[in-house]
Amino acid sequence: MKSIGIEFPKLGAARLFDLPDPPQPGPTEIVTRTLFSGVTNGTERHSLMADFGSRFPARGGYQHVSVIEEVGSRVDQFSVGKTVFLGNHGGHRGWHLVDLAAANPRERLCIELPPDIEHEFCALFGIAGVGFRHSRRIRVAAPMRVWVAGLGLIGQSVAQASRALGAHVTVTDVDPRRLQIAARLGAHRVIDISDDSAIESLTEGGPYDRIVDACGAPDLFEFIYEHKLLALYGAIGALAGRQPTVFHQTMLHALRASIESSSHFTLEDLGILRHYCQLGTVRIEPLVTHRVPVDEAPAIYATMRDDPAELLGVIFDWRT
């Protein structure tokens, strides 16, 4: 068991720090040893760069694939030796103490991983879980037309979730690599939004029953209004935006439409995600661009600071 963790000691910097040995678990607790952890690109960069007033040292990360080392006397749903995904906000660290009876459901997001899916890629179940949470929140279903604007890790996850739930999915971005990945993962229409014909192509596929803001572009709502891209009774999923947003109330009123948001995920979302991964409907491996030993984490965060578009799916390996 590695008794280390990752933290941001100051603006734009990351380092490894020492952890004490884990305590003995209480009656409703488990102790887990980390095998892999996944980077949450947007949230962790906000923390790294103090976008919303981070206090240093700061620690982030909520995607952990772990093996159970010890269980408390009242724990009956898990046993020693089982591999699980943890979605709690404990940060990247070599071990976790999880209270399965915690009052806050976000502190007990623990689900067993079956042997028929590759556990390493489950380190990105958190982001993929956000995709399912958001798609279900805005009630994506067959045969809706869904447009996902932005193909970072969140956008890719929403696109896969929406397709799995039966929608016809259009995606847009400016990065050829991300567009190629989306096509490989089954997006029905893939549009380079920087292309001269992009607006015509986007309009041809609309209007859209659901539009997901996975890019955070400040003028996206104006763009939707100007080009009449939202359908009657449609919904805009505000997922990526963190800045004040201006929208046209007349558009929402005329279309009986809505703007909705969501965050994180639940155990139910993780269970649905696990099901679709077992079926092969959702695939995570094509999203992984960096798989490195945890000792190389500071270099990954330097890339996140200086060239964040270079990173898509990032997994730290804690086994060596």
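Residues numbered from 1 in each chain as written. Predicted model: local features only at pLDDT ≥ 70, side-chain atom pairs only at ≥ 80, totals over all residues. Heavy atoms only, no water.

Section: the layout of surface pockets
Put simply, the rule reads: Cavity means a closed set of points on a 1 Å grid over the protein atoms alone, one where a 1.4 Å probe fits but cannot get out, pocket means an open set with protein on both sides within 12 Å along at least 5 of 7 lines, and lining means a residue has an atom within 4 Å of a point. Grid points are joined across faces, edges and corners, and a volume is the space filled by probe spheres set on the points. In this classification, the charged set is Asp, Glu, Lys and Arg, the nonpolar set is Ala, Val, Leu, Ile, Met, Phe, Trp, Tyr, Cys and Pro, and all remaining amino acids, among them Gly, are polar.
Of the voids in this model, the second largest pocket is the one considered here, and its volume is about 220 Å³. Looking at the lining of the second largest pocket residue by residue, the classes come out as eight nonpolar, one polar and four charged.

What about unusual backbone geometry?
Generally, phi is negative for residues other than glycine and the peptide bonds are trans, each holding for most cases. Where we set the bar: For helices the rule is a DSSP run of H or I covering at least 4 residues; for strands it is a run of E covering at least 2, with both sets numbered from the N terminus onward.
A cis geometry characterises the amide bond from phenylalanine 56 onward to proline 57, with omega recorded as 0°. Checked against the element boundaries, proline 57 lands in the loop between helix H1 (41-48) and strand E4 (64-71). Note the cis peptide between alanine 142 and proline 143, where omega equals -5°. Its identity as a non-glycine residue notwithstanding, alanine 50 has a phi of 55°, on the positive side. Structurally, alanine 50 can be placed in the loop between H1 and E4. In this structure, histidine 264 is a non-glycine residue whose phi angle is positive, near 55°. Inspection of the secondary structure assignment puts histidine 264 in the loop between strand E13 (258-260) and helix H8 (267-279).

A look at helix H5 (residues 198-205)
Quick reminder of the rule: Whether a residue is buried, partly exposed or exposed follows from its accessible area with a 1.4 Å probe, protein chains only, as a fraction of its type maximum: under 20%, in between, or over 50%, in that order. It is the directions from the helix axis to the C-beta atoms whose arc is reported.
Every buried residue belonging to H5 is among Ala198, Leu202 and Gly205, and all of these are buried. Down the axis, H5 shows its buried residues gathered within 65° of arc, on one side only. In H5, the exposed residues that point more than 90 degrees away from the buried face are Glu200 and Glu204.

Thoughts on the side chain of asparagine 88
Let me state the cut-off plainly: The criterion used for residue contact is that any of the two residues' heavy atoms lie within 4.5 Å.
Mapped onto the elements, asparagine 88 comes out in the loop between strand E5 (83-86) and strand E6 (95-99). Those residues in contact with asparagine 88, other than ones at most four positions away along the chain, are Gly61, Tyr62, His64, His96, Val98, Arg106, Glu107 and Leu109.

So far we have only geometry, and geometry alone does not tell us how the molecule works.
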